[in-house]
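# Understanding the architecture of this molecule
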Amino acid sequence: MSDRRLILAVETSCDDTCAAVLTRDGEIRANVISSQGIHDRYGGVVPEIASRHHLELIDAAVADALRQAETSLPELDLVAVTRGPGLVAALLVGLSSAKALAAAHRLPLAAVDHLHGHVAASFIGDAPLPPPFVSLVASGGHTFVARVEDHGPGYAVLGQTLDDAAGEAFDKGARLLGLGYPGGPALERLAADGDPEAFAFPTAARVRGLDFSFAGVKTALLYAVRDLGSEAPARRADLAASYQRAIVESLATRAARALEHTGLHRLAIGGGVAANGALRARLGELGAQLDVPPRALCTDNAAMIASAARFTPALEYPRYLDLDVYASGELPRCASPR
Ligand code: KG4
Ligand code: ZN
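All residue numbers refer to positions counted from 1 along the written sequence of the respective chain. Ligands are numbered from 1 and chains lettered from A, in the order in which they are written. Only residues with pLDDT of at least 70 are given local features in this predicted model, and only at 80 or more are side-chain atom pairs given and counted; all residues enter the totals for whole chains, interfaces and linings. Derived side-chain values reflect all non-hydrogen atoms in the structure, with water molecules and hydrogen atoms excluded from consideration.

## Examining the coordination of the zinc ion (ligand 2)
Any N, O or S atom lying within 2.8 Å of the metal counts as a donor, and for Na, K and Ca the limit rises to 3.2 Å; water is left out, so some sites can look incomplete. Binding of the zinc ion (ligand 2) to the protein goes through H114 (NE2), H118 (NE2) and D300 (OD), at separations of 2.1 to 2.2 Å. Classification of the site at the zinc ion (ligand 2) rests on its 4 donor atoms, whose angles at the metal span 88 to 139 degrees, yielding the label irregular. Donor residues for the zinc ion (ligand 2) sit on one chain with the sequence pattern H-x3-H-x181-D. With a gap of 186 residues between them, H114 in helix α3 (residues 114–120) and D300 in the loop between α9 (295–298) and α10 (303–309) connect regions that are remote in the sequence. Accessibility assignment for this pair places H114 and D300 in one class, buried. Four donors are marked tetrahedral only if all angles between them lie between 85 and 135 degrees, whereas four are marked square planar and six octahedral if opposite donors are more than 155 degrees apart and the other angles lie between 65 and 115; the remainder are marked irregular. Elements are defined by DSSP. Helices are runs of H or I of four residues or more, strands are runs of E of two residues or more, and each kind is numbered from the N terminus. Each residue is assigned to one of three classes by its accessible area relative to the maximum for its type, calculated with a 1.4 Å probe on protein chains only: buried under 20%, partly exposed between the two thresholds, exposed over 50%.

## Brief notes about the site of ligand 1
We call a residue near a molecule or strand when any one of its heavy atoms sits within 4 Å of it. The environment of ligand 1 is formed by 21 residues, the closest being G140, D171, E188, G272 and N276. Polar contact is the term for a pair of N or O atoms within 3.5 Å; when the atoms are in protein, one must be able to donate a hydrogen and the other to accept it, and sequence-neighboring residues count only if both atoms are side-chain atoms. The contact in question runs from an oxygen atom of ligand 1 to an N or O atom on the backbone of G140, over 2.7 Å. Interatomic distance of 3.0 Å between a side-chain N/O atom of N276 and a nitrogen atom of ligand 1. Among the elements that line the shell around ligand 1, the one with the most residues is helix α5 (residues 183–191), at 4 residues.

## Examining the packing of helix α7 (residues 236–262) against helix α8 (residues 277–284)
All axes here are fitted lines through C-alpha atoms, helices being fitted over the stretch that makes contact, and every angle between N-to-C directions spans 0 to 180 degrees. The N-to-C vectors of α7 and α8 enclose an angle of 35 degrees; their axes lie 9 Å apart at closest approach. Regarding α7 and α8, the two cross each other, and that crossing is right-handed. Within the contact between the two elements, α7 uses Q244, V248, E249, L251, A252 and A255 and α8 uses A278, L279, R282 and L283. Considering only residue class, the contact of α7 with α8 consists of 7 nonpolar, 1 polar and 2 charged. Helix crossings get a hand from a simple test, with the near helix turned counterclockwise from the far one by less than a right angle marking a left-handed crossing and a clockwise turn marking a right-handed one. Contacts are residue-level and defined by heavy atoms, with any inter-residue pair within 4.5 Å sufficient. Classification used: nonpolar for Ala, Val, Leu, Ile, Met, Phe, Trp, Tyr, Cys and Pro, charged for Asp, Glu, Lys and Arg, polar for all others including Gly.

Here you go:
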């Protein structure tokens, strides 16, 4: 029997102010994402500015989501919110709003882990993916590969980045090539005109097992730009294409190892980097069934938080009132193959 009860979710862990309404059985009724844009001029997200903008935008985002879903607060069954990891001042805006909304109507509150949210994005949308599957999450803040046995909240992290996140590597590389923030989409556009074989950038092949490292490729790009000197501007497309290829290879190698290690044949990707066409094409060659949620579910959004909330124990009023946020969390890691 279908379950049409409604969840309102709020997500403010970074620079997008998000609110969504989802039914208990995973139908998206509204998925509002208000991107702040303002950070482009600083070349990255400024936490204090992000939180100030969340404060200005959160009420409108929630109101829009409720309106689009043709519902209202008293009709809700549950309020969900991202508790961490993320920017503390930004998370606090979402958590405080969610507590207030839930408390005013004596609703239960589910405090969701942002990374469980990225994994749970695959449980909703037009073609929900049933577990078990391998999940590769690559965003501006996180990069990990996990075995997803069930809907959670637990999942087994097989490998994660030892330094930068994949999106961060795209952003830093883009900055070295004189592109704006966020760098991933701009770098991908530039790479379309370049030769991915022009420069042999490292793919962290020596990092064993399923962990990722992007510090080496970033340094290699820095040196290549420096060594090219006045020639560098003319080689920007080749540099971008080769750099993108190295990051994609690094991600694809670990995804392939995770599929082999788990014996699973389904691969889901999530996080902002999942929008990258070269990555999608490369992962498509691995021979697994590839699940790429639509872009609005890959980048930060509240529908994925509502999705995860369906599988996260909720707290009844007033037990959630003293909940706090967390900036970073321990991933539920399991023994990684070496
Ligand atoms: O998941 P997301 O929206 O926010 C975080 O949780 O970080 O991911 C944003 C990241 C940024 O680093 C951005 O440069 C990267 O995703 N990104 C891309 C592309 N689109 C977004 N990276 C590579 N290629 C893209 N097309
Ligand atoms: Zn994210």
